[in-house]
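Results of the structural survey
Okay, here's what each chain looks like letter by letter:
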Amino acid sequence: MSPAFVATRLATLAVTVVIAGLAIHGALFLAPGDPATLLVGGARKPDPEVLAQIHREYHLDDPFLQSWWHWFGNCLHGDFGKSLVYRDSVGHLVAARAGDTFALVGYAAVLVLVTGTLAGTLAGLRGGRTESFVTAVTAGAMAIPTFIMSVLLIWVFAVQLPWFPVYGSGSGFVGTLTHLTLPAVALAVSWVGYVAQVTRTSVRTELRSEHVETARSRGVPESVVVRRHVLRNASGPIFAVSGVGVAGLIATTAVAEQAFGIGGLGALMIEAAGKQDLAVVQAVALLFVVVFVVVNTVVDLVSAALDPRTAQKGRA
Amino acid sequence: MSERSKFVDKEIRIVGAADKPRPPRDRVTTAAACVVGLFLLLAVFGPLVAPHDPNAVDPFNVNAGPSGAHLLGTDDTGRDILSRIICGTRASLTAPALVVLFSTIAGTLLALCAAWFGGWADRLVSGLLDVVFGFPGLIMAVLAAAVFGPGPTAPVIALSIAYLPLVTRVVRSAAMKERGLPYVAALHLLGAPTHRIWLRHLLPNLAPLVLVQATIGFGYALLDVAAISFIGLGSQPPDPEWGLMVSNGAPGILAGQPQQSLYAGLVVLVVVVAFNLLGSGLSRRLLGEGT
């Protein structure tokens, strides 16, 4: 991995975050009317004094780049402004909700990484019936979006099998774990399918490759062939696709939170969007974009470290 | 088959491109095309064939199971679920169709510019797309809904932008290849104007790829639009729309009335899978690739 590649990726990361910030702040000025009304929460009739104060606080009358830098710079310092709808600072709101989202995405990520790669590896190594079965199941899983999986799970587990709670985020470690199980499954299911499919394909490809054939003919025991030659070589694409999956979980956690009544960041963002409270939506959207882009960049960099050829390909 | 005969077989195919053997009948693709066609018809004529008014409330017949009058039962205010699914086809398919239309037109143009002018134009387009790619579609749609108010318009615009990178990347690499072919250079030498090369030669040659991309993209767009309606930021009640029906029915599930959510969710899945299968079938037939 050349320093140039790392520098390019980090520069892209920085540029993406800055431009995303410009777009998020610029959204304020896209709407017809006074942007300040959006920061008050568009549903109510604000009085002119409050609007004037907002104008001063957010520097809305300054040139665009100046007001953007005021907002963006404050965000970088951890000051996200305050929400008049929730009567609280946005930083507080975000801090109070971040834990649930973090736990949910983490849980779903573990499901994707463990179930997806295990199922795919098993299918790839075993072949035959196991492979056809796993392929069929994971192809089906890939097609199920989070919101439909949510209602299916609620239906099955609320009505048929009362094993898991279907609402809220619970308290304590065990409580959280049981409360988050169904949402995490709903969030993870299509990515489990996707990761399993890619894992199976790359294990299969390695199994058929010449270096594996050679290792076998040298008399290397099968278990060593699998560990040292097949799995090690297949790990690159598996890691890359898992990373994309985890980034995807961050992007769609809002749907699972909404479906299962978990008060995380995604639910906060949706709720605030419904109330047209842009101060909150902007902060949470920026946070999601930053995490999403950072995860993607880390995955790219680690992939390149594991297999320098990917860095070459990325540059071509 | 020996190495040699494989080689010869390939040669013959290239020479006799005109009498390429017709691909074998593909029942899955035909079935998928029929499902897609059926729902397109419903999107146009739905209100004419629906057995009931989709918004007619029947307070004495709330959460009813399937019956002769209501084949799929009724929802929490006694509206006929089948009629709502049928009439909801229009709203449920129009939004993703617009997303695909906008992103395909803009994406193809961007891709052609990038491939044609190369150099800084290409770098600018790819850089721009990298940035857009860092902005998840759902987040963009929520932001748009917060600014413009709930309703299908804002999410459609946001998703159209979010889908740009997917379209542009695929078309760009195909356009690059096409641009390098000798016939383009020949047209240049013959003095054909750029716009004619684009319209008469490049676009028609790229059209099958664009069509395949649009078909597969439609499935994804449908899912995203339905998910946005599900979280309450797309179509608004009482309009019939599938994603909205799934969320409207969600409270009923806990009361043992899952029919609205399940049927609406099932229809979404069927249509999405049909579009995906049709897309991969088209890709096999038109582009000769795929599994």
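Per chain, the residues get numbers from 1 upward, laid out in the order the sequence is written. For this description, chains carry letters from A and ligands carry numbers from 1, given in the order in which they are written. With pLDDT at 70 or above as the cut-off, local features in this predicted model cover only qualifying residues; side-chain atom pairs require 80 or more to be listed or tallied, and sums for whole chains, interfaces and linings still use all residues.

- Naming follows an unreviewed UniProt entry, where chain B appears as ABC transporter permease of Streptodolium elevatio.
- Recorded under Sequence similarities (unreviewed entry), the UniProt text for chain B is reproduced unchanged: "Belongs to the binding-protein-dependent transport system permease family."
- UniProt lists a comment for chain B under the heading Subcellular location (unreviewed entry), and it reads "Cell membrane". UniProt positions are given in the numbering used here, feature names are shortened, and annotations may be inferred rather than shown by experiment.

- Going by what an unreviewed UniProt entry lists, chain A is known as ABC transporter permease and is assigned to Streptodolium elevatio.
- Quoted verbatim from the Sequence similarities (unreviewed entry) field of UniProt, the annotation for chain A is "Belongs to the binding-protein-dependent transport system permease family."
- Reading the Subcellular location (unreviewed entry) entry of the UniProt record for chain A gives the comment "Cell membrane".

**Some details on the overall build of chain A**
- Scanning chain A from N- to C-terminus turns up 13 helices and two strands.
- Its C-alpha atoms give chain A principal-axis dimensions of about 85 × 55 × 35 Å.
- Burial statistics for chain A: of 316 residues in total, 46% are counted as buried.
- Two residues qualify as being in contact provided that their C-beta atoms, derived from the backbone, are within 7 Å of each other. Considering only contacts in chain A between residues 6 or more positions apart, those separated by 24 or more positions represent 72%. What counts as a helix is a DSSP run of H or I of at least four residues, what counts as a strand is a run of E of at least two, and both are numbered from the N terminus. Burial is judged by counting the other C-beta atoms within 10 Å of a residue's own C-beta: 20 or more makes it buried, 12 or fewer makes it exposed, and any count in between marks it as partly exposed, with every C-beta position built from the backbone.

**A short note on the overall build of chain B**
- Helix and strand counts for chain B come out as 11 helices and zero strands.
- For chain B, the succession of helices and strands along the chain, N to C, is α-α-α-α-α-α-α-α-α-α-α.
- Each of the three principal axes of chain B carries a C-alpha extent, and together these read 75 × 50 × 35 Å.
- Scored against the burial criterion, the 291 residues of chain B give a buried share of 46%.
- The contacts in chain B between residues at least 6 apart in sequence include a share of 68% that link residues at least 24 apart.

**Some thoughts on the environment of F135(B)**
- Looking at where F135(B) falls in the secondary structure, it is placed in the loop between α4 (119–133) and α5 (137–148).
- Classification of F135(B) by C-beta neighbours within 10 Å gives buried; the count is 25.
- Separated by 27 residues in the primary sequence, F135(B) and A162(B) have C-alpha atoms spaced 7.3 Å apart.
- Excluding anything up to four places from it in sequence, F135(B) contacts A20(A), V289(A), M140(B) and A162(B).

**Re unusual backbone geometry**
- Geometrically, the link from P237(B) to P238(B) is a cis peptide bond, its omega value of 10° lying close to zero.
- Checked against the element boundaries, P238(B) lands in the loop between α9 (194–230) and α10 (242–254).
- Despite not being glycine, Q276(A) shows a phi value in the positive range, around 55°.
- With respect to the helices, strands and loops of the structure, Q276(A) is situated in the loop between α11 (265–274) and α12 (278–306).
- Residue classification places Q276(A) among the buried positions, given that 23 C-beta atoms sit within 10 Å.

**Structural notes on the UniProt feature "transmembrane region" (unreviewed entry) in chain A**
Residues and elements named next belong to chain A.
- The positions that UniProt labels "transmembrane region" (unreviewed entry) are, in the present scheme, residues 12–31, 102–125, 132–157, 177–196, 237–260 and 280–306.
- End C-alpha to end C-alpha, residues 102–125 measures 34 Å, and it is 100% helix and 0% strand.
- The distance separating the terminal C-alpha atoms of residues 280–306 is 39 Å; by composition the span is 100% helix and 0% strand.

**So, the packing of helix α2 (residues 27–49) of chain B against helix α3 (residues 81–117) of chain B**
Residues and elements named next belong to chain B.
- Where α2 meets α3, the closest approach of the two axes is 7 Å, and the angle between their N-to-C directions is 135°. Put simply, α2 runs oblique to α3. In this structure, the crossing between α2 and α3 has a hand that is left-handed. Residues F39, L42, A43, G46, P47 and V49 of α2 touch α3, and the partners they reach there are I86, C87, T89, R90 and L93. Each axis is a line fitted through C-alpha atoms, and for a helix only the stretch in contact is used; angles between axes span 0 to 180 degrees, taken between their N-to-C directions. Any angle that is under 35 degrees is reported as roughly parallel, and any over 145 degrees as roughly antiparallel; angles of 65 to 115 degrees are reported as roughly perpendicular and all others as oblique. The handedness criterion is simple: a crossing whose near helix is rotated anticlockwise from the far helix by less than a right angle is left-handed, and one whose near helix is rotated clockwise is right-handed.

**Considerations on the interface of chain B and chain A**
- Listed per partner, the contact involves 34 residues of chain B and 37 residues of chain A.
- Contributing elements (two or more residues each) for the side of chain B that touches chain A: α4, α5, α9, α10 and α11 (259–287) of chain B.
- Asp, Glu, Lys and Arg are counted as charged, while Ala, Val, Leu, Ile, Met, Phe, Trp, Tyr, Cys and Pro are counted as nonpolar; the rest, among them Gly, fall into the polar class. Residue composition of the side of chain B that touches chain A, grouped by class: 27 nonpolar, six polar and one charged.

**Points about the UniProt feature "transmembrane region" (unreviewed entry) in chain B**
Residues and elements named next belong to chain B.
- UniProt tags residues 28–50, 98–121, 128–148, 154–171, 206–233 and 261–278 as "transmembrane region" (unreviewed entry).
- Structurally, residues 98–121 is divided into 96% helix and 0% strand, and its ends, taken at the C-alpha atoms, are 27 Å apart.
- Strand forms 0% of residues 154–171 and helix 94%; the C-alpha atoms that close the span are 26 Å apart.

**Overview of the UniProt feature "domain: ABC transmembrane type-1" (unreviewed entry) in chain B**
- In this numbering, the UniProt entry assigns the feature "domain: ABC transmembrane type-1" (unreviewed entry) to residues 89–279 of chain B.
- Helix makes up 84% of residues 89–279 of chain B and strand 0%, and the two end C-alpha atoms of the span are 20 Å apart.

**Structural notes on helix α8 (residues 182–189) of chain B**
- In terms of residue burial, α8(B) counts as a barely covered element, since only zero of its eight residues are buried.
- Positive backbone phi, approximately 85°, marks G191(B), located one or two places after α8(B).

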